[in-house]
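Fold and contact review
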Amino acid sequence: MRVNFIGNTCNNHYGLCKFLRKAGVDAHLFYDRRGDIQTFPEAEDAFLADQPTEWIHPYEATDVGPHPWHHIPPAFMERLRNCDLLQAESEGLIWAWQSGKPYIWSYCGADLNFFPYHAYWSRHWNEANPEHLLTPLAYRRAIVGASAFRRECWYQPLRHGYGLLSTLLPPERFANIPGKLIDTELFTPGTPRPLAAMLADFGLSHHPEGLILFHPSRIMFTPKSYVNKANDRLYRALARLRQTGRSFTLILISLGPGNIDEPEARRLLDELGIADRVVWLPRKLKRHELREWYQAADLTADEFIGGSIGSISVETMACGTPLLSRLATEDPDPTHWSPALVYKELPPVINVSSEQEILDALIRFSDDRPALAALGTAGRRWTEENYSGQAVA
């Protein structure tokens with residue numbers, strides 16, 4: 001059996017392909033070379049840059065044409081059709097529908113709340129083309145045509161949020177299992193190099209001390225950001241932690257324009273008097289590089305409002321490093337995502353949202369390293385049970 005995967009957000013489909021191929025399934029990946037480097041397979045497995053493989057198919061603008069939903073070049077469509085089953089995300093969902101093959105919709109956040117409603121939803125297409133106005137209609141039609149829908153459990157919020165369209169999305173077509181797979185052999189507990197040596201690779205001479213916090217999430221906390229990750233709550237809590245006499249080192253990643261609120265973050269850290277305890281890595285890390293930073297940290301901080309489980313959350317737990325983040329554990333609301341609707345056992349996250357909750361957790365785990373280690377062990381076990389190849393594919 002051959003399965004073609006279209007799209008590769010956070011290397012999710014690449015991970016699925018790797019595991020399925022080990023299991024004897026002829027899985028192939030099609031991914032957009034115009035996207036973020038984190039969607040490139042070689043960002044996860046460095047050897048692929050020198051040893052391309054026949055089941056990975058990058059595509060460029062010349063392959064797919066000037067429009068996301070029609071006039072797709074026949075040669076490219078024939079490559080997609082060369083399979084028994086398709087699994088698609090983003091604009092690939094429209095192509096899967098047009099292929100005439102059975103297909104699974106493996107959706108991510110924007111696939112739910114943006115693509116079906118907005119005409120100009122991809123920076124890769126010519127926004128001056130009035131035919132874009134029909135793109136949301138084509139996307140909705142492609143949703144309805146899917147044989148199955150796959151990703152964590154956005155089932156109930158999806159149905160409630162789509163109005164009349166939801167009547168065409170019967171529950172039996174939802175596969176309520178994770179849509180991402182973490183390579184638990186890549187992301188695994190281990191002993192990293194000394195942190196000072198890791199920093200030296202970037203030309204940094206910072207002397208780390210105290211609780212080591214790695215915060216690789218995008219920096220978005222002001223009204224100009226389209227998502228609020230509340231990074232500033234962590235900064236303010238750390239300033240108060242320092243006032244208690246406890247030490248720490250906060251590791252952030254400078255993404256330039258990719259960090260919408262990075263200038264504001266730098267100013268705030270300086271105003272709070274903790275800029276000297278902050279290390280800025282000067283570039284985005286590839287996924288195979290992230291492992292060592294997860295392993296070197298005492299804690300990884302993600303975000304403090306959203307409440308879901310993303311790639312950073314799962315990767316850090318797979319490395320045996322405890323996660324500091326908000327987890328939406330309120331009573332399940334069918335119009336909102338909740339892990340209570342997804343997992344038999346909730347992930348062992350240090351569940352915090354407010355500045356005070358973050359501070360209380362930082363004080364506790366600064367003083368109780370055995371409890372921190374126990375959380376790391378529990379996170380690794382939970383990840384293997386929910387996101388390993390055996391659990392997902």
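Owing to the predicted nature of the structure, the values given are computational and were not obtained by experimental measurement. (Residues numbered from 1 in each chain as written. Predicted model: local features only at pLDDT ≥ 70, side-chain atom pairs only at ≥ 80, totals over all residues. Heavy atoms only, no water.)

Of the regular secondary structure elements, the protein chain holds 15 helices and 13 strands. Counting over 393 residues, the protein chain shows a buried share of 56%. Contacts spanning at least 24 positions in sequence make up 71% of the contacts within the protein chain whose residues lie at least 6 apart. Here the protein chain has roughly 16,500 Å² of accessible surface; of this, 54% comes from carbon and sulfur atoms. (Helix = DSSP H or I, 4+ residues; strand = E, 2+ residues; numbered from the N terminus. Buried < 20%, exposed > 50% of the residue type's maximum accessible area, 1.4 Å probe, protein only. Contact = heavy atoms within 4.5 Å. Areas by Shrake-Rupley, 256 points an atom, 1.4 Å probe, with all protein chains shown as cover.)

On to the pattern of salt bridges, then. Going through the model one piece at a time under the given rule, you end up with 23 salt bridges. With a closest N to O distance of 3.7 Å, E54 and R21 form a salt bridge. Highlighted residues: E54 in the loop between β2 (26-32) and β3 (56-59) and R21 in helix α1 (residues 12-22), separated in sequence by 33 residues. Using a relative accessible area of 56% as the deciding quantity, one classes E54 as exposed. (Salt bridge = Lys/Arg side-chain N within 4 Å of Asp/Glu carboxyl O.)

Here we come to the environment of I305. Turning to its location among the elements, I305 is positioned in the loop between β11 (299-301) and α12 (311-318). Ignoring any residue separated from it by four or fewer positions in sequence, one finds I305 in contact with N228, A230, R233 and R326.

Attention now goes to the packing of helix α4 (residues 92-99) against helix α6 (residues 135-145). Contact geometry of α4 with α6 gives a least axis separation of 9 Å together with a crossing angle of 60°. With respect to α6, the element α4 is oriented oblique. When you trace α4 past α6, the crossing you get is left-handed. Contacts from L93, I94 and W97 of α4 reach α6 at T135, A138, Y139, R141, A142 and I143. For the contact of α4 with α6, the class distribution of residues is seven nonpolar, one polar and one charged. (Axes fitted to C-alpha atoms, helices over the stretch in contact; angles between N-to-C directions. Parallel < 35°, antiparallel > 145°, perpendicular 65-115°, else oblique. Left-handed = near helix turned anticlockwise from the far one by under 90°. Nonpolar A, V, L, I, M, F, W, Y, C, P; charged D, E, K, R; others polar.)

We now examine helix α9 (residues 231-243). If you check α9, its first and last C-alpha atoms are 19 Å apart, about what 13 residues at 1.5 Å a residue would give, namely 18 Å. Those residues of α9 not exposed but buried are N231, D232, L234, Y235, A237, L238, A239 and L241. Lining the buried residues of α9 we find β8 (211-215), β9 (248-253), α10 (262-271), β11, β12 (323-325) and α13 (355-367). Among the residues trailing α9, G245 stands out with phi positive, at a value near 95°. (Expected span 1.5 Å × (residues − 1).)

On to the confidence of the model for the protein chain. With 78% of its residues at a pLDDT of 70 or more, the protein chain shows a mean pLDDT of 83. The model gives residues 152-157 a pLDDT under 50, and that stretch makes 25 contacts with residues more than four places away or in other chains. (pLDDT = per-residue confidence, 0-100.)

Attention shifts here to the nonpolar core. Counting 34 residues, the largest nonpolar core has L324 and L362 as the members making the most contacts within it. Counting residues per element, the ones that place at least two in this core are β8, α9, β9, α10, β10 (278-281), β11, α13 and α14 (369-387). It is α9 that provides the largest number of residues to this core, a total of six residues. If sequence neighbours within four positions are ignored, L362 has contacts with L211, L213, A237, L238, L241, L299 and L324. L195, I212, I251 and A318 belong to the second-largest nonpolar core, a separate cluster that totals 31 residues. (Core = buried A, V, L, I, M, F, W, Y, C linked by side-chain atoms within 4.5 Å.)

All right, on to the side chain of D45 then. In this structure, D45 sits in the loop between β2 and β3. In terms of polar contacts, D45 uses its side chain to reach the side chain of Y14, at 2.5 Å. The residues touching D45, leaving out its near neighbours within four places in the chain, are Y14, K18, L186 and H288. (Polar contact = N/O pair within 3.5 Å; in protein donor to acceptor, adjacent residues only side chain to side chain.)

Across the interface, α9 lies against α13 with an axial gap of 8 Å and an inter-helix angle of 50°. Classed by the angle they form, the pair α9 and α13 counts as oblique. For the pair α9 and α13, the sense of crossing is right-handed. Residues R233, L234, R236, A237, L238, R240 and L241 of α9 form the contact with α13, whose own contacting residues are E355, Q356, I358, L359, L362, I363 and S366. Class assignment of the residues belonging to the contact of α9 with α13 gives a composition of eight nonpolar, two polar and four charged.

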